[in-house]
Amino acid sequence: MPPKYDFAAADRLSQQLSQLVGRLESFIQLREGQCKALLGGRHSENWQGARRDGFQSHFRTQQTALAALKEAALTLQSQVASATTAAHAAEKAEKNKH
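Values in this document were obtained by computation on a predicted structure and should not be read as measured data. (Residues numbered from 1 in each chain as written. Predicted model: local features only at pLDDT ≥ 70, side-chain atom pairs only at ≥ 80, totals over all residues. Heavy atoms only, no water.)

Asks: An account of the nonpolar core is requested, with residue identities and associated values reported.
Replies: One finds Ala10, Leu17, Val21, Ala73 and Val80 forming the largest nonpolar core, which totals five residues. With three residues, the single largest contributor to this core is helix 1 (residues 7-39). Beyond its immediate sequence surroundings of up to four residues, Val21 is in contact with Lys70, Ala73 and Leu74. (Core = buried A, V, L, I, M, F, W, Y, C linked by side-chain atoms within 4.5 Å. Buried < 20%, exposed > 50% of the residue type's maximum accessible area, 1.4 Å probe, protein only. Helix = DSSP H or I, 4+ residues; strand = E, 2+ residues; numbered from the N terminus. Contact = heavy atoms within 4.5 Å.)

Asks: Tell me about the packing of aromatic side chains, and please be specific about residues and values.
Replies: Each aromatic ring pair is described using two quantities: the centre-to-centre distance and the angle formed by the ring planes. The tally for this structure, following the rule as stated, stands at two aromatic pairs. With centroids separated by 5.0 Å and ring planes inclined at 65°, the aromatic side chains of Tyr5 and Phe7 adopt a geometry described as edge-to-face. The class for Phe7 is partly exposed, based on a relative accessible area of 23%. Their ring planes at 20° and their centres at 5.9 Å tell us that Phe55 and Phe59 sit as a pair that is stacked. Pair noted here: Phe55 and Phe59 are both in helix 2 (residues 50-97), with a separation of four residues, about one helical turn. (Phe/Tyr/Trp six-rings, centres within 6.5 Å; stacked < 30°, edge-to-face > 60°.)

Asks: Describe the side chain of Gln77, with residues and values.
Replies: Its location among the elements puts Gln77 in helix 2. For Gln77, a relative accessible area of 19% gives the class buried.

Asks: Any details on helix 2? Residues and values, ideally.
Replies: Helix length check: helix 2, at 48 residues, gives a terminal C-alpha distance of 70 Å against a target of 70 Å (1.5 Å per residue), a fit within 8%. Listed in full, the buried residues belonging to helix 2 are Arg52, Phe59, Gln63, Leu66, Lys70, Ala73, Gln77, Val80, Thr84 and Ala87. In the core, the buried residues of helix 2 are packed alongside helix 1. (Expected span 1.5 Å × (residues − 1).)

Asks: Explain the pattern of salt bridges to me, and be specific about the residues and the numbers.
Replies: A side chain with one charge can pair with a side chain of the opposite charge if their charged atoms come near. Per the stated rule, a full pass over the model turns up four salt bridges. Here Glu91 makes a salt bridge to Lys4, at a shortest N to O gap of 3.4 Å. Linking Glu91 in helix 2 with Lys4 in the segment before helix 1, this pair joins segments that are 87 residues apart in sequence. We note a salt bridge from Glu94 to Lys97, for which the minimum N-O separation is 3.8 Å. Placement of the pair is Glu94 and Lys97 together in helix 2, with a separation of three residues, close to one helical turn. Residue Glu94 is classed as partly exposed on the basis of its relative accessible area of 35%. Given the relative accessible area of 65%, Lys97 is considered exposed. (Salt bridge = Lys/Arg side-chain N within 4 Å of Asp/Glu carboxyl O.)

See below:
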């Protein structure tokens, strides 16, 4: 007999993943805002040239990595929801069998 599905653990995991997604989204937006505030427009007096281009390239890479982490957390959250739905269905089928 397969182990019993832990619905409480799945719920806690889903909640934690939801918090992670929210925090990653907030962090991504915070970094965007700070970057814009520090650098100004594309032709800003604050910082120009190759160093700025290098910074922006590195910054974009970091933002892309953070967005990928957020997407991975969303995927895991979806998988937990699917597993929970399947476990509920299996539990219901087992009860109807008896």
